[in-house]
Amino acid sequence: MLNKELPKIYNSAEHEDAIYAKWEKSGFFNPDNLSGEPYSIMMPPPNVTGVLHLGHALENSLMDIMARYQRMNGKKVLLLPGTDHAAVATQAKVEKLLVEQGLTNPRQKLGRDKLLEKIREYAENSKATILKQIKKMGTSCDWSRLAYTFDEARNSAVNIVFKKMYNDGLIYRGNRAVNWSVKGQSTCSDDELVQVERPAKLYTFKYAKDFPLAIATTRPETKLGDTAVAVNPRDKRYKKFIGQIFTVEVGAAKPLKIKIIADENVEVEFGTGAVGVTPAHSLIDFEMYEKQKSIGEPIGLIQVIDQHGQMTQAAGKEYAGLAVLAAREKFISWLKKQELLIKEEEITQNVGTSDRFGDAVEILPMTQWFVDVNKKIPGKNKSLKDLMREAVTAGHNNDLKQKITITPERFEKIYLNWIDNLRDWCVSRQIWWGHRIPVYYRRQEIFNFQFSIFNENTNLQQDIYVGEKPPEGDDWVQDEDTLDTWFSSGLWTFSTLGWPASAKATAGKPEKLNDLKTFHPTNWMQMGYEILFFWLARMILMSTYALDQIPFKDVYIHGMLRNELGKKFSKSSGNNLDPLEVAAKYGTDALRLSLISGIAPGNDSRFYEEKVEGARNMVNKLWNISRYIITNYPPVPKRHVRAGELRITNNEIKQKKLTQADEWILNNFQILVKAVKIDLENYNFSQAAGKLREFTWNYLADWYLEVCKFEKTDKKNEILSYLLIDLLKLWHPFIPFITEAIWAECGFKKMLIIENWPSLNKTINIKNNYFEAIIGVIKDIRDYRAENKIDLSKKLKVEIGVVKDKYNFIKSQEILIKSLKTGSVELEIKKSNKSNNEKFSIITFISISLVEGEVGTREKARLGKKINNLEKIIKATESRLANQEFIDKAPEAVVKKEKDKLTLYKSELKRLKG
RNA sequence: GGACAAUUAGCUCAGUUGGUUAGAGCAUCUCGUUUACACCGAGGGGGUCGUAGGUUCGAAUCCUACAUUGUCCACCA
């Protein structure tokens with residue numbers, strides 16, 4: 001009757017939404033309803049710019065596997081969901097949409113408030129979509145703690161950290177060369193640049209006829225702002241010029257004073273060995289400028305390009321107002337006319353472009369807010385860089401318990417290398433969608449600030465207010481700029497847990513006061529390697545600095561998903577696989593399983609529909625196995641046995657209540673339970689799933705269930721129930737929906753999601769099991785039939801020779817050998833008089849009497865091949881054992897194994913030849 | 001230019017401290033609709049583990065060099 005209710009094919013669409021609703025209603029997604037040791041994972045908040053893609057689907061699968069596994073292990077699990085306002089990305093996207101709708105300059109036309117309104121509308125919409133999609137993935141997160149990087153609680157955290165950094169002198173407003181997107185009218189951090197290769201012209205020239213050295217550049221127009229030429233101090237050709245100042249007239253507003261300076265980084269061999277230094281328009285040159293200043297040999301700084309990509313007054317009357325390219329042409333034609341141009345060559349060059357707006361960035365000197373990564377933190381004698389470094393090496397505060405481990409290890413090196421090269425982090429952005437910098441100025445000062453191009457002597461200290469809340473009095477104006485989105489994302493592990501504990505965030509929810517204490521540092525964080533620097537680094541920075549704690553203990557780095565050709569999935573190339581469509585077609589479980597199969601930590605993997613198909617088949621196989629067990633072996637609840645409990649006593653085992661097959665499957669199941677635990681704890685998701693698949697399909701379905709059709713014993717019902725129940729638990733983290741659905745079919749009232757993770761059954765400790773040997777016999781017969789093309793209906797006469805003391809045993813397996821898909825077999829079991837001292841071989845020979853004459857030659861060929869192979873191995877093994885060095889140096893166990901193998905193979909050979 | 005990875009069956013990938021006939025899934029070929037499952041079952045074929053050296057009793061695994069592919073960083077002024 002039960003089987004009538006269960007269709008042959010598992011229909012995912014029928015179950016998924018209902019099951020998710022049931023889980024949600026149960027309250028088990030919320031750790032407040034769980035007890036035990038806390039375990040927390042913060043979901044990397046997806047941007048509110050789009051929809052769920054395969055990368056998200058992978059991440060959700062990984063996180064949910066861990067969350068469910070830990071929950072079943074009796075932990076108080078928090079998987080905290082959230083979304084990211086993704087400052088630049090979102091504003092850029094909405095502006096683009098508005099432009100497409102015909103609004104030419106959204107910022108100007110709409111103004112701050114109206115544009116923000118539009119962006120908010122878009123973001124909220126997108127947020128709702130993506131959250132719905134996360135639910136669709138089956139992710140077991142606590143929706144009551146849903147967070148957003150741009151809500152009030154997170155804003156308060158941002159302001160407080162900003163203020164703390166400011167007070168510690170780690171955030172400063174400085175005039176530095178920064179990356180500027182003309183199109184986006186905003187700064188970008190170094191990490192936000194995407195390097196694009198493109199052809200360029202390299203011009204070699206002299207500033208003036210009598211200038212002693214030539215320099216090369218791809219940006220001639222910036223040379224109107226040169227203030228120095230750098231040479232290597234060991235360069236014999238130029239050494240004598242170091243320190244000299246040359247005044248040249250190149251058409252700029254004022255004659256340029258070019259100082260020859262020394263810089264170790266200039267390569268003597270490269271080009272002319274001399275570098276024109278333009279501090280205003282090159283990050284490296286700006287560093288030289290700062291260095292010169294610090295050693296008391298200052299050089300000038302002349303800004304010749306403005307924020308709109310046009311030449312400034314400083315570039316000279318001829319150039320002012322010209323676009324960069326026009327200025328370049330003009331300058332080149334001037335050089336030609338003056339006969340100063342020496343060489344012109346085509347090269348390819350990498351240009352930093354804005355990640356979000358797509359234009360090549362200009363380097364401009366600007367007054368911006370920076371996080372100083374090298375300055376010592378007051379009272380710490382360590383810089384932020386040091387904190388970031390220590391957290392993954394010696395441990396935060398040199399405490400190994402506060403050390404972050406990165407899986408796979410190699411990313412640790414990449415991370416440390418990045419930290420070494422880190423410059424001060426420019427955190428201010430000139431876009432509107434983001435946390436506004438919590439800094440306030442007096443009116444007249446903001447006027448100066450905005451229109452001063454560069455004035456080192458501006459001192460605004462007394463007129464600046466930095467704080468969580470706006471200052472009193474109405475003559476204060478807030479800084480127009482917003483913060484880099486990573487500033488708020490960096491706080492994610494603790495800003496989501498009620499830090500800072502403002503009255504509002506915790507009102508009426510006393511238990512939440514403890515969230516931070518309970519769940520921080522978080523236990524596990526997973527992310528793609530592409531945001532290692534953006535995010536991992538910044539979370540470590542923020543958490544160690546603000547909380548004096550690491551943000552998480554373990555980081556798991558996953559690779560990127562690529563399509564079957566190895567290309568990145570991208571919207572523009574139209575090769576996108578929509579995870580939701582795939583889930584609709586094959587089921588969410590199949591999608592999840594396929595995403596985590598065949599992946600190794602940190603490595604990219606390819607994803608294609610066939611993979612999902614395979615996973616779907618696995619899911620369906622499990623469905624049918626369950627269907628069969630539930631139908632034919634009454635479910636355990638009816639027999640008043642607790643889920644997963646197997647009542648087998650040592651006595652029963654001794655009394656042979658268990659058959660060879662029973663022992664074999666129970667043994668292998670113990671091995672599986674152990675292996676899955678180890679794999680999950682080492683984040684080997686793919687391997688754990690692989691082993692589950694192997695057991696379920698190849699052990700349970702292909703052998704044990706088949707055996708059960710012929711071997712009827714009292715214990716079968718209990719064993720099968722035990723196996724099914726615990727197997728469902730093991731599978732649950734990977735394929736939560738179908739396992740929960742089957743669980744309900746079993747008749748359990750309690751949900752699978754909070755069942756206890758299977759533990760090892762200590763009564764099952766069986767040695768000397770020979771079921772593998774039975775399998776060997778059966779396979780031999782099948783193999784023979786198939787190879788010799790003998791019809792299953794035709795009777796096959798098989799003789800099995802068995803050593804004396806195993807005769808009764810093999811006799812007892814007669815029915816299995818005859819029945820297990822071996823076709824029609826007439827079995828004759830013969831006693832061999834040999835004594836049995838061969839551990840491995842209980843069956844010494846099988847001879848199959850031939851039914852038809854022509855089969856003889858086929859069989860001879862088949863045997864010949866086998867014999868050949870065996871002889872080869874025997875020869876190799878013999879020569880290995882003849883090698884004295886092998887005997888002397890290899891471990892005893894290895895030598896013994898070789899010896900055993902040799903005896904085994906020799907007897908096997910004898911059998912085949914005989 | 002620097003760093004990191006990958007290179008194993010037609011394809012996609014495993015291979016956990018070096019241990020001896022190198023595994024899986026898909027594809028392919030042969031056979032089979034026997035009431036859990038054709039989203040199935042049984043069986044077969046297919047790899048000198050990128051190349052060349054080295055270490056070792058023993059190497060897909062460790063070392064060196066090279067090749068190819070990919071990624072990241074730095075950038076040529």
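Please refer to the structure placed before this passage.
Read on for an overview of the structure.

### Some details on the sheet that holds strand β21 (residues 464–466)
- Sheet architecture is open: three strands sit in the order β21-β20-β22, paired in antiparallel fashion. The sheet is open, and its two edges are formed by β21 and β22 (476–478), each paired on a single side. For this sheet, the mean angle separating the axes of adjacent strands, direction not counted, is 30°.
- Pairing analysis gives three bridges linking strand β20 (residues 439–442) to β21, with the strands arranged antiparallel. Looking at β21, one finds that Y441 is bridged to I464.

### Quick notes on the nonpolar core
- Core analysis: the biggest nonpolar cluster contains 126 residues, and W524, I596, L666, F685 and L723 have the highest contact counts within it.
- No other element matches helix α22 (residues 685–708), which puts 12 residues into this core.
- Ignoring sequence-local partners within four residues, the contact set of W524 consists of Y39, S40, I41, M42, L62, M63, M66, D554, Y556, Y683 and F685.
- If you look at the next biggest cluster of nonpolar residues, it comprises 63 residues, including L78, V427, W499 and Y545.

### Describing the packing of helix α6 (residues 152–167) against helix α16 (residues 532–546)
- At a minimum axis separation of 11 Å, α6 and α16 run at an interaxial angle of 70°. By the angle between their directions, the pair α6 and α16 is classed as roughly perpendicular. Of the residues in α16, those touching α6 at V161, K164 and M165 are L541, M542, Y545 and A546.
- Split into classes, the residues belonging to the contact of α6 with α16 amount to six nonpolar, no polar and one charged.

### Here's the deal with the protein's contact with RNA strand B
- Around RNA strand B lies a shell of 62 residues, among which A216, F270, N350, W697 and K889 are the nearest.
- With respect to RNA strand B, the backbone of E267 contributes an N or O atom lying 3.1 Å from a base nitrogen.
- R782 has a polar side-chain atom sitting 3.4 Å from a sugar or linking oxygen of RNA strand B.
- The dominant element in the surface near RNA strand B, judged by the number of residues it contributes, is helix α19 (residues 609–632), at eight residues.
- Of the residues that constitute the surface near RNA strand B, the class distribution is 23 nonpolar, 12 polar and 27 charged.

Parameters at a glance
Residues numbered from 1 in each chain as written. Chains lettered and ligands numbered in written order. Predicted model: local features only at pLDDT ≥ 70, side-chain atom pairs only at ≥ 80, totals over all residues. Heavy atoms only, no water. Pairing = 2+ DSSP bridges. Helix = DSSP H or I, 4+ residues; strand = E, 2+ residues; numbered from the N terminus. Axes fitted to C-alpha atoms, helices over the stretch in contact; angles between N-to-C directions. Core = buried A, V, L, I, M, F, W, Y, C linked by side-chain atoms within 4.5 Å. Buried < 20%, exposed > 50% of the residue type's maximum accessible area, 1.4 Å probe, protein only. Contact = heavy atoms within 4.5 Å. Parallel < 35°, antiparallel > 145°, perpendicular 65-115°, else oblique. Nonpolar A, V, L, I, M, F, W, Y, C, P; charged D, E, K, R; others polar. Near = heavy atom within 4 Å. Polar contact = N/O pair within 3.5 Å; in protein donor to acceptor, adjacent residues only side chain to side chain.

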